[in-house]
Amino acid sequence: MRHQTIFRDPVCGKKVNKNKAHIIITYQGREYALCCPKCQSEFEKAPEKYT
Ligand SMILES: [Zn+2]
(Lines give C-alpha, C1' and ligand atoms only; values in the text may rest on other atoms or scores of the structure.)
Protein backbone atom coordinates (compact mmCIF):
# COMPACT_ATOMS: atom_id res chain seq x y z
CA MET A 1 0.00 0.00 0.00
CA ARG A 2 1.34 3.38 -0.95
CA HIS A 3 0.51 6.45 1.01
CA GLN A 4 -0.08 9.50 -1.14
CA THR A 5 0.02 12.95 0.30
CA ILE A 6 -2.02 15.55 -1.50
CA PHE A 7 -1.15 19.16 -0.98
CA ARG A 8 -2.97 22.19 -2.26
CA ASP A 9 -0.75 24.56 -4.20
CA PRO A 10 -1.32 27.87 -2.37
CA VAL A 11 -0.58 29.96 -5.48
CA CYS A 12 -2.80 28.42 -8.16
CA GLY A 13 -5.06 26.32 -5.92
CA LYS A 14 -4.38 23.05 -7.77
CA LYS A 15 -4.13 19.80 -5.87
CA VAL A 16 -0.59 18.51 -6.02
CA ASN A 17 0.61 15.02 -5.20
CA LYS A 18 3.64 15.39 -2.95
CA ASN A 19 5.63 12.97 -5.10
CA LYS A 20 4.87 14.92 -8.26
CA ALA A 21 5.23 18.45 -6.96
CA HIS A 22 7.77 20.72 -8.58
CA ILE A 23 9.14 21.56 -5.14
CA ILE A 24 8.20 21.34 -1.49
CA ILE A 25 8.98 24.52 0.42
CA THR A 26 9.02 24.68 4.19
CA TYR A 27 7.89 28.07 5.41
CA GLN A 28 7.40 28.86 9.10
CA GLY A 29 7.44 25.17 9.94
CA ARG A 30 4.80 24.16 7.41
CA GLU A 31 5.25 22.45 4.07
CA TYR A 32 3.85 23.90 0.89
CA ALA A 33 3.88 22.11 -2.45
CA LEU A 34 4.29 24.17 -5.59
CA CYS A 35 3.35 22.63 -8.92
CA CYS A 36 5.70 24.55 -11.21
CA PRO A 37 8.60 27.06 -11.28
CA LYS A 38 6.14 29.88 -11.88
CA CYS A 39 4.18 29.13 -8.71
CA GLN A 40 7.46 28.73 -6.84
CA SER A 41 8.66 32.20 -7.77
CA GLU A 42 5.26 33.72 -6.95
CA PHE A 43 5.33 32.04 -3.55
CA GLU A 44 8.89 33.14 -2.83
CA LYS A 45 8.09 36.74 -3.79
CA ALA A 46 5.34 37.02 -1.18
CA PRO A 47 4.94 33.89 0.98
CA GLU A 48 2.90 35.78 3.58
CA LYS A 49 0.25 36.36 0.92
CA TYR A 50 -0.25 32.61 0.48
CA THR A 51 0.05 31.29 4.01
ZN1 LIG B 1 0.66 25.95 -9.09
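Draft legend 1. Region of interest: the overall build of the protein. Across its full length, the protein carries two helices and four strands. Going residue by residue from the N terminus, the α and β elements of the protein occur as β-β-β-β-α-α. Taking the principal axes of its C-alpha atoms as reference, the protein extends roughly 40 × 20 × 15 Å. A separation threshold of at least 6 residues defines the contact pool for the protein, and within that pool the share at least 24 residues apart is 28%.

Draft legend 2. Here's a closer look at the nonpolar core. Formed by V11, V16, A21, Y32, A33, L34, C35, C39 and F43, the largest nonpolar core amounts to nine residues. Elements with a minimum of two residues in this core: β4 (30-34) and α1 (37-45). In terms of residues, this core owes the most to one element, β4, which gives three residues.

Draft legend 3. Spotlight on the pairing of strand β3 (residues 23-27). Here β3 runs beside β4; their pairing, made up of five bridges, is antiparallel. Residue pairing in the sheet places T26 in a bridge with E31 of β4. Between the antiparallel neighbours β3 and β4 lie two residues, among them Q28 with a positive phi of about 50°.

Draft legend 4. Main features of unusual backbone geometry. Despite not being glycine, Q28 has its phi angle at roughly 50°, a positive value. Within the element layout of this structure, Q28 appears in the loop between β3 and β4.

Draft legend 5. Main features of the environment of N17. Structurally, the position occupied by N17 is in strand β2 (residues 15-17). Taking the number of C-beta atoms within 10 Å as the measure of exposure, N17 has 12 and is therefore exposed. Discounting residues that sit within four places of it in the chain, N17 has contacts with Q4 and I6.

Draft legend 6. Summary view of the environment of K18. Among the secondary structure elements, K18 is positioned in the loop between β2 and β3. The partly exposed category is assigned to K18, around which 13 C-beta atoms lie within 10 Å. Residues in contact with K18, not counting those within four places in the same chain, are T5, F7, I24 and A33.

The rules behind the values
Residues numbered from 1 in each chain as written. Predicted model: local features only at pLDDT ≥ 70, side-chain atom pairs only at ≥ 80, totals over all residues. Helix = DSSP H or I, 4+ residues; strand = E, 2+ residues; numbered from the N terminus. Contact = placed C-beta atoms within 7 Å. Core = buried A, V, L, I, M, F, W, Y, C linked by C-beta atoms within 7 Å. Buried ≥ 20, exposed ≤ 12 C-beta atoms within 10 Å, placed from the backbone. Pairing = 2+ DSSP bridges.

Purely geometric numbers; function is a separate question.
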